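A structural walkthrough
Spelled out from the first residue to the last, the chains are:
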Amino acid sequence: MTENYEAAPIPILIAPHPLLKARARKVIAADADAMRVLIPRMFAAMYHAPGIGLAAPQVGVGLRMAVIDLATNDIRAPLVIVNPEIMAASADLRVHEEGCLSLPHQFADVSRPARIKVRFEDAQGVRQEIEADGLLATCLQHEIDHLDGILFVDHISALKRNMIMRKLAKEQRIKAGDKA
Ligand code: NI
């Protein structure tokens, strides 16, 4: 269950990767067993990184599901969103310097609606609706984007995106070289 944070962290895919660009499918009842295994492993990977959100496509699973934790002061606040849908979004925007566990050490200012209303199912399959602002609004939109194969760098200029992707590729080559 989601309370089990001792699960083995599931490896996170690094961009560019074709599975990060793919659209995920809806979670159905038949996915329940797979989800029970996946959710704790995703939380473990996210806490280990550490990060505040991780979507299933980032671990190579094409399901519309993500885990989020905006914990402050080390008090965990795990949130599982399954089949999320943005029902409403404000016209006014919020700019936040975003990062992503699939683009380690890369950051860019991204502008998104400041307030959103999201419908989703929780880990138990119960329908939930939340109105979010601030960091949670940004984080929810970032994770929901992942379910449609969209990364935060897809929201910035091609020039900035190419710079980030080149820098990431270089860092990954250096990291691979260190291990060799
Ligand atoms: Ni991300």
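Cut-off values and rules
Residues numbered from 1 in each chain as written. Predicted model: local features only at pLDDT ≥ 70, side-chain atom pairs only at ≥ 80, totals over all residues. Heavy atoms only, no water. Helix = DSSP H or I, 4+ residues; strand = E, 2+ residues; numbered from the N terminus. Expected span 1.5 Å × (residues − 1). Buried < 20%, exposed > 50% of the residue type's maximum accessible area, 1.4 Å probe, protein only. Pairing = 2+ DSSP bridges. Axes fitted to C-alpha atoms, helices over the stretch in contact; angles between N-to-C directions. Contact = heavy atoms within 4.5 Å. Phe/Tyr/Trp six-rings, centres within 6.5 Å; stacked < 30°, edge-to-face > 60°. Salt bridge = Lys/Arg side-chain N within 4 Å of Asp/Glu carboxyl O.

Over its 14 residues, helix α2 (residues 134-147) extends 21 Å from the first C-alpha to the last, a length consistent with the 20 Å expected when each residue adds 1.5 Å. For α2, a buried count of 11 out of 14 residues is recorded, marking the element as mostly surrounded by other parts of the structure. Those residues of α2 that sit buried are Ala137, Thr138, Cys139, Leu140, Gln141, His142, Glu143, Ile144, Asp145, His146 and Leu147. One or two steps after α2, the chain reaches Gly149, where phi turns positive at roughly 75 degrees.

On to the sheet that holds strand β2 (residues 65-69), then. With antiparallel pairing, five strands are arranged side by side in an open sheet as β1-β2-β3-β6-β7. Looking at strand neighbours, the two that pair on one side only are β1 (53-55) and β7 (127-132), the edges of this open sheet. In this sheet, adjacent strand axes meet at a mean angle of 35 degrees when their direction is disregarded. Pairing of β1 with β2 involves three bridges; the strand directions are antiparallel. Bridge pairing in β2 places Leu54 opposite Val67. Strands β1, β2 and β3 (78-89) of the sheet are contacted by helix α1 (residues 32-48), whose axis makes an angle of about 40 degrees with β2.

Time to look at the pairing of strand β5 (residues 103-113). Direction of pairing for strand β4 (residues 93-100) relative to β5: antiparallel, over a ladder of seven bridges. The partner of Glu98 across the bridge, within β5, is Ala108. Counting the residues in the hairpin turn of β4 and β5 gives two residues.

This paragraph deals with the packing of aromatic side chains. Inspection of every chain in the model, using the stated rule, returns one aromatic pair. When the centroid spacing of 5.8 Å and the interplanar angle of 20 degrees are considered together, the rings of Phe43 and Tyr47 count as stacked. Here Tyr47 and Phe43 lie together in helix α1, a separation of four residues that amounts to about one turn. Using a relative accessible area of 18% as the deciding quantity, one classes Tyr47 as buried.

This structure, assessed with the given rule, holds 10 salt bridges. We note a salt bridge from Asp148 to Arg23, for which the minimum N-O separation is 2.5 Å. Of the two residues, Asp148 is situated in the loop between α2 and α3 (158-179) and Arg23 in the segment before α1; the sequence distance between them amounts to 125 residues. Residue Arg23 is classed as exposed on the basis of its relative accessible area of 62%. Notably, a salt bridge pairs Arg112 with Glu98, separated by 2.7 Å at the nearest N-O pair. Taken together, the residues Arg112 in strand β5 and Glu98 in strand β4 connect sequence positions 14 residues apart. A relative accessible area of 4% means that Arg112 is categorised as buried. Residue Glu98 is classed as buried on the basis of its relative accessible area of 3%. Several salt bridges share partner residues, and in doing so they unite Arg23, Arg64 and Asp148 into one network.

No statement about biological role is implied by the geometric values presented.
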